[in-house]
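# Chain and residue survey
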Amino acid sequence: MNDPTTTLTVTPEDVVAFVDQWQDTLQPEAVVWCDGSTRERHELIQLMQDQGTIEPLNAELRPYSFVARSEPTDVARVESRTFVCSVDPEDAGPTNNWVAPDEMKNTLLDLSEGAMRGRTMYVVPFSMGPIDSPMARYGVQITDSPYVVVSLHLMVRVSNTVLQNITAGASWVKCVHTVGAPLAEGEEDVAWPCNDTKYISHFPETREIWSFGSAYGGNALLPKKAFALRIASAMARDEGWMAEHMLLVRLTSPEGKRYHMVAAFPSACGKTNFAMMQPVLDGWSVETLGDDIAWLAIGDDGRLRAINPEAGFFGVAPGTSHKTNPVAMDTLWGHTMFTNVAVTQEGDVWWEGMTKEVPEGLTNWRGEPHDPHSGHRAAHPNARFTVSVDQCPSLAADWDNPEGVPIDAIIFGGRRSDTVPLVVEARDWDHGVYLGSTIASEQTAAAEGTIGVLRRDPFAMLPFAGYHMGDYMKHWLGMGERLRSQGRVPRIFQVNWFQKDEDGRFIWPGFGDNIRVVKWMIERIEGQHSANDTALGLTPHPEDLDIDGAELSEEALAGLLRVDPDLARADLNAADEFLSTFGDKLPEAIRAQLQAAHSRLD
Ligand code: GTP
Ligand code: MN
Ligand code: MN
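The protein chain has the name Phosphoenolpyruvate carboxykinase [GTP] in an unreviewed UniProt entry, where Pontimonas salivibrio is given as its organism. Looking at the Sequence similarities (unreviewed entry) heading of the UniProt record, one finds this comment for the protein chain: "Belongs to the phosphoenolpyruvate carboxykinase [GTP] family." The Catalytic activity (unreviewed entry) field of the UniProt record for the protein chain holds the comment "oxaloacetate + GTP = phosphoenolpyruvate + GDP + CO2".

The structure is reproduced here in structure tokens:
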């Protein structure tokens, strides 16, 4: 950790001015400039151990890995406290909370006065994307949470080179974060400082993020959802690219042909699992490039190209096992920060779904002895692991290629017990944009809200679009137009791994078996199969889907591919009602798709 004015040959004046100004307001005890070094990480980890924020796991079982336990009130993204403060409320749209920027800044400046008293303010320069990629964007986050700094080390590229490039004129996003828990003289700190009052505020016009009161991932690791999705989506609209809640993978067929796909599923609906898939079909392989966020732009070759702006995984722990996601389990061998998981007697981690048997003598996510008969879970349902991508055995060797990879297909999906077939292919780009705009999912623990309730989550971006969702659809339609005129248009598909039978069990085996669906997509791209033209889109002839060796009957497969007209009609009406909330901003092309969908069903 060092002062950039002594180690850099040039001084990033506006970063220094930004830090000075916030130092005056927040009044920290000390200011530390971070450089992303291993030494810096070791020092912070030691500090957090001393303060009780993190607890080391058994080094023989899980080397250099730690458990953090958050405040029970600070366990997920808080969408009700997340604001898009555009100058014009119309630009935030009906899907975001809006407060005028001046009003929000006044509120937050009042709260921020002395908010870092007794704490250290860390200044963290970072790059989203390979530092010298034309698609990379820079930021600087100030924070008073060592947990956040260490998480940033694992999640993004923290480097002084960023400050050098900013000095040379590169633009950057200003990220301000405080847990909002000042310490009085001599007051003892708690393990997880935070504040009951929380604000995660975005100022798209000035490219600023101000986050107050939470230390939880999505609220506090500002490069992730706040920057790489909310602010970046606004930058992308202005600059002609796309910032999406998407995994990024390379698939190689038995013939050795490579394909790249992105997939947008709402939080806790299978992106990380898909990104690390171990295909059950012989000869196929999946390489991981990203598991949560993709930035896409049209390259000189006229193709849609994608990069992963992050450098780590912040994955959902529950449900992750050697059976469902062996690659994730291998990735987590060590050097991992776990949050809100359970701890075994031996000092290793455990969560629901890791093993069938619940081990004896667990300590639950609140740090108390776990009573297996209590009906309570040992790990929080939104327990997470934070780990660098470098540890992922399926990581593509060229994952940080500054040019990105050319995209062959875009997949949308959600968690639906019924109504939505296993897979549907869009008729064309515009129909695909329509499918993306109508995505709905049964709610999970990744955000506040009632679990299981269906909510519309267009493009899996409902909580992340930094501007009006109607304009967002328009931007997608415009990208399609440019791709049509300049190059090649990727295919668009919709999937649903989550249909259930009468007993509430998933019908489709999922996970590594999902390659069967991907294989069909690739065979469609290669022109090998015709498809059923249904009211919802193009579905496979059951015999074209390779279910050789799958634990699935032919009847069950037919059921998974069937379109039930009554359910489809009810869903279309719900989608129609949702889309009507965008009023005049709903693009004409989407209106036309809705009309066409109605007439197909009638
Ligand atoms: P965020 O990181 O919050 O954006 O979520 P995500 O989309 O990465 O979700 P993730 O891959 O972590 O999966 C969330 C949950 O869905 C886990 O409990 C998984 O076990 C489960 N899941 C993932 N893929 C499948 C699948 O193909 N079938 C079934 N039944 N469950 C799945
Ligand atoms: Mn996510
Ligand atoms: Mn994930």
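## Thoughts on the overall build of the protein chain
Within the protein chain, the secondary structure is distributed over 17 helices and 29 strands. Along the three orthogonal principal directions, the C-alpha set of the protein chain runs to about 70 × 55 × 45 Å. Residue burial in the protein chain is summarised as follows: out of 602 residues, 61% are buried. Accessible surface, the protein chain as shown: approximately 22,900 Å² in total, 47% of it carbon and sulfur.

## Some points on the site of ligand 1
Lining the immediate surroundings of ligand 1 are 21 residues, of which Ala-268, Lys-271, Thr-272, Asn-273 and Arg-384 lie closest. The separation between an oxygen atom of ligand 1 and a polar side-chain atom of Asp-292 is 3.1 Å. For ligand 1, whose unbound accessible area comes to 660 Å², protein coverage reaches 92%. No other element matches helix α10 (residues 271-275), which puts three residues into the shell around ligand 1.

## Brief notes about the coordination of the manganese ion (ligand 2)
Around the manganese ion (ligand 2), the protein contributes the donor atoms Lys-225 (NZ), His-245 (NE2) and Asp-292 (OD), at 2.2 Å from the metal centre. On the primary sequence, the residues serving as donors to the manganese ion (ligand 2) are separated as K-x19-H-x46-D. The two metals, the manganese ion (ligand 2) and the manganese ion (ligand 3), are separated by 5.1 Å. With Lys-225 in helix α9 (residues 223-239) and His-245 in the loop between β11 (242-244) and β12 (247-252), the pair connects residues that are 20 residues apart, well separated along the chain.

## Regarding the confidence of the model for the protein chain
When pLDDT is averaged across the protein chain, the result is 95; 97% of the residues are at 70 or more. Overall fold confidence for the complex sits at a pTM of 0.96, while the interface term, ipTM, reaches 0.99.

## Here's the deal with the sheet that holds strand β16 (residues 304-307)
Spatially, four strands are ordered β11-β15-β16-β22 in an open sheet, and the strand pairing comes out antiparallel. Each edge of the open sheet is held by one strand with a lone partner, namely β11 and β22 (405-406). Pairing of strand β15 (residues 294-298) with β16 involves four bridges; the strand directions are antiparallel. The partner of Leu-296 across the bridge, within β16, is Ala-306. In the packing of α9 onto the sheet, contacts are made with β11 and β15, and the angle to β11 comes to roughly 160°. Packing against the sheet, helix α13 (residues 469-486) makes contact with β11, β15 and β16, and its axis sits at approximately 125° to β11.

## Quick word on the UniProt feature "domain: Phosphoenolpyruvate carboxykinase GTP-utilising N-terminal" (unreviewed entry) in the protein chain
When the UniProt feature table is mapped onto this chain, "domain: Phosphoenolpyruvate carboxykinase GTP-utilising N-terminal" (unreviewed entry) is found at residues 18-237. Between the C-alpha atoms that bound residues 18-237 there is a distance of 26 Å. The span itself is 35% helix and 22% strand.

## Points about the environment of Leu-183
For Leu-183, the location among the structural elements is in the loop between β8 (172-178) and β9 (199-203). For the pair formed by Leu-183 and Met-116, sequence separation is 67 residues and the distance between their alpha carbons is 7.6 Å. Apart from the residues within four sequence positions on either side, Leu-183 is in contact with Arg-117, Gly-118, Arg-119, Glu-188 and Asp-189.

## Focus: the packing of aromatic side chains
Here the structure, examined in full by the defined rule, presents 23 aromatic pairs. When the centroid spacing of 5.5 Å and the interplanar angle of 80° are considered together, the rings of Phe-412 and Phe-459 count as edge-to-face. Of this pair, Phe-412 sits in strand β23 (residues 409-413) while Phe-459 is found in the loop between β26 (454-456) and α13, placing the two residues 47 residues apart along the sequence. Since its relative accessible area comes to 0%, Phe-459 is described here as buried. With a centroid separation of 5.0 Å and an interplanar angle of 35°, the aromatic rings of Phe-459 and Trp-476 are classed as tilted. Separated by 17 residues along the polypeptide, Phe-459 in the loop between β26 and α13 and Trp-476 in helix α13 bring together distant segments of the chain.

Conventions adopted
- Residues numbered from 1 in each chain as written.
- Chains lettered and ligands numbered in written order.
- Predicted model: local features only at pLDDT ≥ 70, side-chain atom pairs only at ≥ 80, totals over all residues.
- Heavy atoms only, no water.
- UniProt positions renumbered as here; feature names shortened; annotations may be inferred.
- Helix = DSSP H or I, 4+ residues; strand = E, 2+ residues; numbered from the N terminus.
- Buried < 20%, exposed > 50% of the residue type's maximum accessible area, 1.4 Å probe, protein only.
- Areas by Shrake-Rupley, 256 points an atom, 1.4 Å probe, with all protein chains shown as cover.
- Near = heavy atom within 4 Å.
- Polar contact = N/O pair within 3.5 Å; in protein donor to acceptor, adjacent residues only side chain to side chain.
- Donors = N, O, S within 2.8 Å, 3.2 Å for Na, K, Ca; no water.
- pLDDT = per-residue confidence, 0-100.
- Pairing = 2+ DSSP bridges.
- Contact = heavy atoms within 4.5 Å.
- Axes fitted to C-alpha atoms, helices over the stretch in contact; angles between N-to-C directions.
- Phe/Tyr/Trp six-rings, centres within 6.5 Å; stacked < 30°, edge-to-face > 60°.

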